[in-house]
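Structure assessment
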Amino acid sequence: QLKLVESGGGLAQPGGSLRLSCATSGGNLDEYGIGWFRQAPGMDRDREGISCISHQSGYPFQKESVRGRFAISRDNAKNTVYLQMNNLKVEDTGVYYCAASPFFVCYCSGDECNAAPPSAVWGQGTQVTVAS
């Protein structure tokens, strides 16, 4: 059973940086598409796709609003996926989750990224707060 654990969240000032990690265990990372999702503050907010990386091609995708600021990468040897977040903005605040599935179709177009499939495994999330 694949298990995901996120870390690296915290408080950052606007313009600052954070690097999130998604450590996986119980499976081979290269068999899974991985995505990062954000749940913004407020009740009943959906988790929006931020960035993902395909397990078939290794190609990364990001939503338009984070392109050039966020970068996803994977280290299969360490079974870990990272999200480097630079030039953070207040609107980046939220709980960040990683999700994995062998059926994850990783794709983003404009400011929309594909949702994780129902079979996806999720981590517990890590809080990112951007405030001055």
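Residues numbered from 1 in each chain as written. Predicted model: local features only at pLDDT ≥ 70, side-chain atom pairs only at ≥ 80, totals over all residues. Heavy atoms only, no water.

**Here we look at the overall build of the protein**
Assigned secondary structure in the protein consists of zero helices and 13 strands. Reading the protein from its N end, one meets helices and strands in the order β-β-β-β-β-β-β-β-β-β-β-β-β. Taken over C-alpha atoms, the radius of gyration comes to 14 Å for the protein, in line with the 14 Å a tight globule of 132 residues would show. With the C-alpha coordinates of the protein rotated into their principal frame, the extents come out at 40 × 30 × 25 Å. Sorting the 132 residues of the protein into buried and exposed places 46% on the buried side. Sequence-distant contacts in the protein: of pairs separated by 6 or more residues, those separated by 24 or more amount to 63%. Counting every atom, the protein has about 6600 Å² of accessible surface; 49% of that belongs to carbon and sulfur. (Helix = DSSP H or I, 4+ residues; strand = E, 2+ residues; numbered from the N terminus. Rg over C-alpha atoms; globule rule 2.2 N^0.38 Å. Buried < 20%, exposed > 50% of the residue type's maximum accessible area, 1.4 Å probe, protein only. Contact = heavy atoms within 4.5 Å. Areas by Shrake-Rupley, 256 points an atom, 1.4 Å probe, with all protein chains shown as cover.)

**What to know about the packing of aromatic side chains**
Enumeration according to the criterion identifies five aromatic pairs in this entry. Aromatic pair tyrosine 59 and phenylalanine 61: ring centres 5.0 Å apart, planes at 65 degrees, arrangement edge-to-face. The class for phenylalanine 61 is buried, based on a relative accessible area of 18%. In textbook terms, an aromatic cluster arises when at least three aromatic residues are bridged by ring pairs, as seen for Phe37, Tyr97, Phe104 and Trp122. A cation over a ring is seen here: arginine 47 above tyrosine 97, with NZ or CZ 3.6 Å from the ring centre. If you follow arginine 47 out to its NZ or CZ, it ends over the ring of tryptophan 122, 4.8 Å from the centre. (Phe/Tyr/Trp six-rings, centres within 6.5 Å; stacked < 30°, edge-to-face > 60°. Lys NZ or Arg CZ within 6 Å of the ring centre and 35° of its normal.)

**Considerations on the environment of glycine 94**
Its place among the elements puts glycine 94 in strand β9 (residues 94-101). Measuring from C-alpha to C-alpha, the distance between glycine 94 and glutamine 127 comes to 6.0 Å, with 33 residues separating the pair along the chain. Non-local contacts of glycine 94, meaning those with residues more than four positions away in its chain, are made with Arg38, Gln39, Ala40, Pro41, Thr126, Gln127 and Val128.

**Points about the nonpolar core**
One finds Trp36, Phe70, Leu83, Met85 and Tyr96 to be the most contacted residues of the largest nonpolar core, which totals 25 residues. At the level of secondary structure, the elements contributing two or more residues to this core comprise β3 (18-25), β4 (33-39), β5 (48-53), β7 (70-75), β8 (80-85), β9 and β13 (126-130). (Core = buried A, V, L, I, M, F, W, Y, C linked by side-chain atoms within 4.5 Å.)

Any link to function would need more than the numbers given here.
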